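Structure at a glance
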Amino acid sequence: MEVIGAFGIGTPRYNTGLCVADRPFEVDVSMGPCVARWDVRARRRVFLVQAHMNAVTSVLRCPAPVCPTRGAPDNSVSVPSSAVSGKGSDDPAIGKREIVSTTSCANEIGLWTTDWQPLFKTTSQFDGIMHSSWNPSGSHFLVLCEPGEALEIFALGKDGASLSSLCTIRGRYEYAELNSSNDIICFMDKQYYVPAVAPQLASIPEGDFCVMRVLHPSLASTTPYSVVKDTPFLGKSGWTSIVSGGGTIAALQNRSVVLINRDSCDVTHMFDLPGSGIPKGMILDGDTFIYPSSDGTMRCNRGPSTEWSLKLPSGDLYSATWSVPYSRMWYLTDSNLWSIDIAARLKGAKPVEYSMSYHDTVCCGIAFHPQRNCVAVGDFGGSIWIWAFSEDKSAHECLRVVSNMLLPIRALSWSIDGSIQCATMDGVVWHWENPFQEGDEPKPVARFMDAITALSWENGDSPKQLGVACSDGTLAILYFSEGFFKIRVAFKAHKPSTKPQDLQFGSLTKYAEIWSIAWSPNNNFIASSSEDQQTCIWDMNMEKIAVLSGHKTAVTSVKWVRTPAGEFLATCADDKTVMIWVVRNSSATPEFTLHHVFNTSEVLAWHTVTYLCIQQAGPATDNNHYVSCVTQNGWLFLWDLVTKRKLGPFRLHLGSIEGLAWDPRTGLIATCSSDTCVVVTRVLGL
């Protein structure tokens, strides 16, 4: 999988970042499988690097510079016996360089120079890396794998540009750090806690609690680490955030804080934070820590005492780090990147500050231009952005943006005539006739009684009919002629149900949303998929001619295509399956036979399937059509429609994918997500 373009600034709810040394206005931020460097003062992207095949989960600077000719920092502290091969030189380092590490949500690990030249790539023995940590000397590296079933420890090689695996440790830990003795300080919830044979805690306490566990390296090859201390924190139902820095670990349960000395593993302070909101990221320096809150306030505490607080210019704060210690700070809101002058603000002087933002909130709805290399993307802020992509992957060019819709955009289509149609949650269909003409903006052309969930043009070179689906079960067809739309037909295609239902996916006794619609290749029929677990087939008199069943939860997307191998209809659902139906006799009354069921169950984390596409790869005469689907937790799956060969999966986002488009002209796939990023990819091997 090759990333062709990535657009927007990822929200720190999912993504990670790293300030650039000696460049106070530049910062590296992950964007799906990539890392982008931003210059906030110049308001531009410096470059984009694809770090992995899957979404990046951590970006860290190795704390001690390494010498490429003399080896890694000395790691002569007690480590498992298998670490001997990873022991570096203790000679004084000359020609030192800094390195950066990355991990992905699969099992990928990378080492890079600080200007993002690749040094080394390897993999963990376990999938789902969600956290990593260097020890203070930079000699050892730890990864924690989701869903928290294992830790793996690596040693930095003598060349300062490689990692060798030392050992793995089983256990469902939420977070882990290495200290200077290579002790592992890890944290777990009550539900995963199994008492160790240790005098500090020999039985499980009553009531709610969380546990900090300390593992110490052993020379025994069969037991590389042993438990030396378990510390319960009573009355705490789960850790909400854990951060480290400056020799301190801060463990938070909502606004209750536990400060832990990283080397001694002793608790130094326990107290409740003032203010409101859950702190997301902290700057730690001993018992001094600076933390953002969701009420838009940045506070500095020394232990339990607040030293200062500042109301910052943007609301919900997720993370903060110094670009110049105790002077200038980076902080990230839900979708904005800020460089603020803390020193000037504390002195009451007028600060010189900079910010950047693109999609302010969830991206939803995406479509390729029929002839040009660009994509249109809607978002929940009521904006449409048009992004240009090219082989220059570092390019970050927004061709147009309009924001006059005001309410969340749920569906978007780019017509073959170059116009864009979108639909908002208040039931309005908008028509943007000339997206590239300065001053031209979308105009409302139709209104329905409930939120619009899907739009679909009929097939052909001059489509006139636009299908519209609504959350109250309404299916409508708009007719477009001489620059105007009129409603040709609108009716309740899916109605409330009283049958047993899974309430986590809606309330069928009140409504049966239509989540997706698709025209037959000859435009004689239209399919609608719904919360009621069915896909219905309608003729142009809106008579129901077929009902496709089999999904156990809401059917979220439907597509209908004709290929050299035959005609197919595909559906996907919240039950993690994709059903492929063979369609026969479509010129008269179509007949549907279930051909195959694909599933996404290899992704162990809870998820639903949100969108699908069917697209040809290669010459039109070839039987090489692929079906793709995307999930609520960011994965892209692909299968050969005929041979059933699978490619991937690839995790392109850490948020929910809320838009999928496959360009028949270029073969590229575009996705947009709740992580406020847009990713355009080329899947190799099609």
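Refer to the structure above for everything that follows.
Notes on the structure in this doc start here. (Residues numbered from 1 in each chain as written. Predicted model: local features only at pLDDT ≥ 70, side-chain atom pairs only at ≥ 80, totals over all residues. Heavy atoms only, no water.)

Attention now goes to the overall build of the chain. A count of helices and strands for the chain gives one helix and 56 strands. Here the chain holds 686 residues, and 60% of them are scored as buried. Here the contacts in the chain between residues at least 6 apart in sequence split such that 48% fall between residues at least 24 apart. If you sum the accessible surface of the chain, you get close to 26100 Å²; carbon and sulfur atoms cover 50% of it. (Helix = DSSP H or I, 4+ residues; strand = E, 2+ residues; numbered from the N terminus. Buried < 20%, exposed > 50% of the residue type's maximum accessible area, 1.4 Å probe, protein only. Contact = heavy atoms within 4.5 Å. Areas by Shrake-Rupley, 256 points an atom, 1.4 Å probe, with all protein chains shown as cover.)

With that settled, the discussion passes to the sheet that holds strand S16 (residues 209-217). Judged by pairing direction, the sheet is antiparallel, and its four strands sit side by side in the order S14-S15-S16-S17 without closing on themselves. With one partner strand each, in any of the chains shown, strand S14 (175-178) and strand S17 (225-234) form the two edges of the open sheet. Here the strands of the sheet are splayed against their neighbours by 20° on average, with no regard to which way each runs. Where S14 and strand S15 (residues 184-189) come together, four bridges link them in antiparallel fashion. In the sheet register, Tyr 175 faces S15, and the bridge partner there is Phe 187. (Pairing = 2+ DSSP bridges. Axes fitted to C-alpha atoms, helices over the stretch in contact; angles between N-to-C directions.)

Let us now look at the pairing of strand S12 (residues 150-156). Summarising burial for S12: seven of the seven residues are buried, a large majority. Alternating residues of S12 divide into Ala 150, Glu 152, Phe 154 and Leu 156 and Leu 151, Ile 153 and Ala 155, and every residue in both groups is buried. As paired elements, strand S11 (residues 140-145) and S12 share six bridges and run antiparallel to each other. Within the sheet, the bridge partner assigned to Leu 142 lies in S12 and is Ile 153. The pairing of S12 with strand S13 (residues 163-170) spans seven bridges and is antiparallel. Bridging across to S13, Leu 151 finds its partner in Ile 169. In textbook terms, the turn of a hairpin is the stretch between consecutive antiparallel strands, and for S12 and S13 this stretch comprises six residues, one of which, Gly 160, has a positive phi near 70°.

Attention now moves to the sheet that holds S11. Taken together, the four strands give an open sheet; going across it, the order is S10-S11-S12-S13, and neighbouring strands pair in antiparallel fashion. This sheet does not close on itself; its edge strands, each paired only once, are strand S10 (129-134) and S13. Strand-to-strand twist across the sheet, computed as the mean angle between neighbouring axes with direction ignored, equals 20°.

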